[in-house]
Amino acid sequence: MGKRLEIITQQRLEKVRKLRERGIDPYPNAYHRTHTAQEARSLFESGEADPASQVSIAGRVTALRHMGKATFLDLRDGSGKIQAYFNKTQIGPERHELVKDLDLGDFVGVQGVLFKTHTGEMTVNVSDFTILAKSLEPLPEKWHGLVDVEKRYRQRYLDLISNQSARDTFLARSRTISAIRRFLDGRGFIEVETPVLQQMAGGARARPFTTHHQALDEDFYLRIATELYLKRLIVGGFDKVYEIGRIFRNEGISTKHNPEFTTLESYEAYADYNDVMRMLEEMVAQTAQSVLGTTKVSYGDLTLDFAPPWKRITLRDAVLQTSGIDFEVSLKAGPESLRRVMQEKGLQLDDTMSPAYLFDKLVSTYVEPTLIQPTFLIDYPVETTPLAKTKSDNKAIVERFEAFAVGMEFANAFTELNDPEEQAARFTIQEEWRKQFGDEEAEQYQEDFIQAMEYGMPPTGGLGVGIDRLVMLFTNQQSIREVILFPQLKTA
RNA sequence: GGGCCGGUAGCUCAGUGGAAGAGCACCUGACUUUUAAUCAGGGUGUCGCGGGUUCGAAUCCCGCCCGGCUCACCA
């Protein structure tokens, strides 16, 4: 800590001491306000307020203008900002001394009548006030706000105090999640919670975090998806379930990846991936409408339109159009043939890449960059998706879609595989890849899950949505850290 | 993990070998309708950390830490 900062803090601690000496608690327990800043504003603008009626409002001092015997300060609460006016004649010389000791960042409660100044600013004419919390540290600068990205992430509260745009982004995030809940609740889905600590982490291709339970003396994984437990609930007879929750993947950190992130997963009995596609379109469009007031969303130089229907293209056609590779033809000649064709295109592949990796590579290299407007990529090779059901007329292709915008995947869904014998066979293939290719992210054989399938699961459409990424799209943010309040950073 | 860029006052930033700076914030004083208030005065610093080169280093070199972008990997 620099010496200047220490001096400022010392000065403010001295003010705290003086307040206590005068019998004033610098940190009282509560303050009962009658209005938020916004409510007071509406009350006044509506013209229905009795001009003599008192309001009390509380907030943080974000600007302070002393003018001799008069003082103006800006108070900000969760609803917005309002100006307060202190006049020495009105509050008395003794109280006026306290006003002079107020600092930027302090919390105060003010009581008085509302009026408009000569310059038209709605203001509380303060007759009484209460210090609610002294601030000991100087706030970031008022004009430029807090710019330092590292500080904005590590001390997000300063970002929120200083930058309206940060407040707007996280408010939009909150409203997005609320709107999604309303949408699903309105459709008869019930929200559930499933374990984060799992003996086997499944439902996605990813490396898990490990942890340890002391009393059981047993290692656990943090979940990488909510899928396998939610499907057990479909078996249990809840026809429509969803979970919005944190999942954890022990992988690289980037502008599009945080080690912990939030997904929505929903499962609907008697539905297939076509039903889910229609639902997702509607859900995202309604959510955008509700949060942003429009389905046309600015993103960088682009305008994304989430109004249904979104473009649909099969993975095969998309890969063919963008790379000239027809993987169905190649696959008929075996996975090695596909690897050879891809290598001929100049793709860097090594022998440890399982077929699932090969498709990932194809899609990420050729297809994803072309998917700007909201687009469904549909019908994936069975090798890529061990938990999805194949098409009734083509056992090589599963009924799966992923939704993209600006080249970024934000949803993944399929008609769920509910044949226990086939599921067992698919897990077995995954286990073989784990051995053959050293593919640590291959699904593990999950006996308990198979057993659930054996009791019978109805035809089911499942959906996963990356909430953080959806919020990025809605709030025009290029980095996932801008939509996560406390993103993962190295220890400073 | 690789490449590129960055870290100077509480905040936002100048400063590329020769006395550490500006604006805001802060402190002192003036000011009873200001609002990026104004006016007069005051600089409060481990130049990210550690070595090295040099008469002299914020500046040049080496190593390390943290961050941003990007590539790799993933969603």
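Residues numbered from 1 in each chain as written. Chains lettered and ligands numbered in written order. Predicted model: local features only at pLDDT ≥ 70, side-chain atom pairs only at ≥ 80, totals over all residues. Heavy atoms only, no water.

Novice: Account for the overall build of chain A, naming residues and giving values.
Specialist: When you go through chain A residue by residue, the secondary structure sums to 16 helices and 19 strands. Reported as C-alpha extents along the three principal axes, the dimensions of chain A are approximately 90 × 50 × 45 Å. Considering chain A as a whole, with its 492 residues, one finds that 49% of them fall into the buried category. A separation threshold of at least 6 residues defines the contact pool for chain A, and within that pool the share at least 24 residues apart is 65%. When the accessible surface of chain A is split by element, carbon and sulfur atoms take 50% of a total near 24100 Å². Averaging the locations of the 60 positively and 72 negatively charged side chains of chain A gives two centres separated by 9 Å. (Helix = DSSP H or I, 4+ residues; strand = E, 2+ residues; numbered from the N terminus. Buried < 20%, exposed > 50% of the residue type's maximum accessible area, 1.4 Å probe, protein only. Contact = heavy atoms within 4.5 Å. Areas by Shrake-Rupley, 256 points an atom, 1.4 Å probe, with all protein chains shown as cover. Lys, Arg positive; Asp, Glu negative; His and termini not counted. Charge placed at Lys NZ, Arg CZ, Asp CG, Glu CD.)

Novice: I'd like a rundown of the nonpolar core, residues and numbers included.
Specialist: Membership of the largest hydrophobic core comes to 41 residues, with the highest contact counts inside it found for Leu280, Phe401, Phe410 and Leu463. For this core, the leading source of residues is helix 9 (residues 273-292), giving eight residues. Leave out the neighbours within four places in its chain, and leucine 280 touches Trp310, Phe376, Phe401, Ala403, Ala411, Leu463 and Val465. (Core = buried A, V, L, I, M, F, W, Y, C linked by side-chain atoms within 4.5 Å.)

Novice: Run through the domain arrangement of chain A, naming residues and quoting values.
Specialist: Domain annotation of chain A identifies domain 1 (2-139) and domain 2 (161-310 + 373-482). Computed from C-alpha atoms alone, the centre-to-centre distance between domain 1 and domain 2 is 47 Å. (Domains from an automatic or database assignment.)

Novice: Could you give me a rundown of the environment of leucine 75, with the residues and numbers involved?
Specialist: Secondary-structure assignment places leucine 75 in strand 2 (residues 70-77). Relative accessible area serves as the criterion here: at 1%, leucine 75 is assigned to the buried category. Expressed as a C-alpha distance, the spacing of leucine 75 and isoleucine 57, which sit 18 residues apart in the sequence, is 8.5 Å. Those residues in contact with leucine 75 that lie beyond four places of it in its chain are Ile57, Ala58, Gly59, Arg60, Val61, Gly80, Lys81, Ile82, Val108 and Val110.

Novice: Please give an account of the packing of aromatic side chains that cites residues and values.
Specialist: The full count for this structure, using the stated rule, is 12 aromatic pairs. Between phenylalanine 86 and phenylalanine 129, the ring centres sit 5.2 Å apart and the planes meet at 85 degrees, which makes this aromatic pair edge-to-face. One end of the pair, phenylalanine 86, is in strand 3 (residues 80-87); the other, phenylalanine 129, is in strand 5 (residues 122-133), and 43 residues separate them in sequence. Joined through ring pairs, the aromatic side chains of Phe306, Trp310, Phe376, Phe401, Phe410 and Phe474 make up one cluster. (Phe/Tyr/Trp six-rings, centres within 6.5 Å; stacked < 30°, edge-to-face > 60°.)

Novice: Can you break down unusual backbone geometry residue by residue, with the values?
Specialist: Note on backbone geometry: most residues besides glycine have negative phi, and most peptide bonds are trans. A cis geometry characterises the amide bond from proline 308 onward to proline 309, with omega recorded as -5 degrees. Within the secondary structure, proline 309 is located in the loop between strand 13 (302-305) and strand 14 (311-314). Here the phi dihedral of tyrosine 270 falls at roughly 70 degrees; this positive angle occurs in a residue that is not glycine. By the secondary structure assignment, tyrosine 270 is in the loop between strand 11 (260-269) and helix 9. Of note, valine 406 is a non-glycine position whose phi angle comes to about 50 degrees, a positive value. Assignment of secondary structure puts valine 406 in the loop between strand 17 (394-405) and strand 18 (408-415). Exposure remark for valine 406: the relative accessible area of 24% places this residue in the partly exposed category.

Novice: Please give an account of the sheet that holds strand 9 (residues 218-222) that cites residues and values.
Specialist: Spatially, three strands are ordered 7-9-8 in an open sheet, and the strand pairing comes out antiparallel. Of all the strands in the sheet, the pair left with one neighbour each is strand 7 (197-198) and strand 8 (210-213). Where strand 8 meets strand 9, four bridges bridge the pair, whose relative direction is antiparallel. Paired with threonine 211 across the two strands is phenylalanine 220, which belongs to strand 9. (Pairing = 2+ DSSP bridges.)

Novice: Before we move on, could you go through the environment of leucine 362 and cite the residues and values that matter?
Specialist: Within the secondary structure layout, leucine 362 lies in helix 13 (residues 355-367). Along the chain, leucine 362 and lysine 134 lie 228 residues apart, while their C-alpha atoms are 58 Å from each other. Beyond its immediate chain neighbours, meaning those up to four positions away, leucine 362 contacts Val319, Ile325, Leu338, Met342, Leu347 and Val367.

Novice: Break down the protein's contact with RNA strand B for me, citing the residues and quoting the values.
Specialist: In the vicinity of RNA strand B there are 57 residues, among which Lys3, Arg4, Thr119, Glu150 and His257 approach most closely. Here, RNA strand B places atoms within 4 Å of the protein, and 58% of those atoms are sugar or phosphate. Measuring from a phosphate oxygen of RNA strand B, one finds a backbone N or O atom of valine 147 at 2.9 Å. Those elements that place two or more of their residues in the surface near RNA strand B are helix 1 (3-21), strand 1 (54-67), strand 2, strand 3, helix 5 (149-154) and helix 13. Broken down by element, the surface near RNA strand B gets its largest block of residues, six residues, from helix 1. For the surface near RNA strand B, the per-class residue count stands at 18 nonpolar, 17 polar and 22 charged. (Near = heavy atom within 4 Å. Polar contact = N/O pair within 3.5 Å; in protein donor to acceptor, adjacent residues only side chain to side chain. Nonpolar A, V, L, I, M, F, W, Y, C, P; charged D, E, K, R; others polar.)

Novice: Any chance you could break down the sheet that holds strand 2 for me, citing the residues and the numbers?
Specialist: Spatial strand order, 1-2-3-5-4: five strands in a closed barrel with mixed pairing. The sheet shows a mean angle of 55 degrees between the axes of neighbouring strands, taken without regard to direction. (Axes fitted to C-alpha atoms, helices over the stretch in contact; angles between N-to-C directions.)

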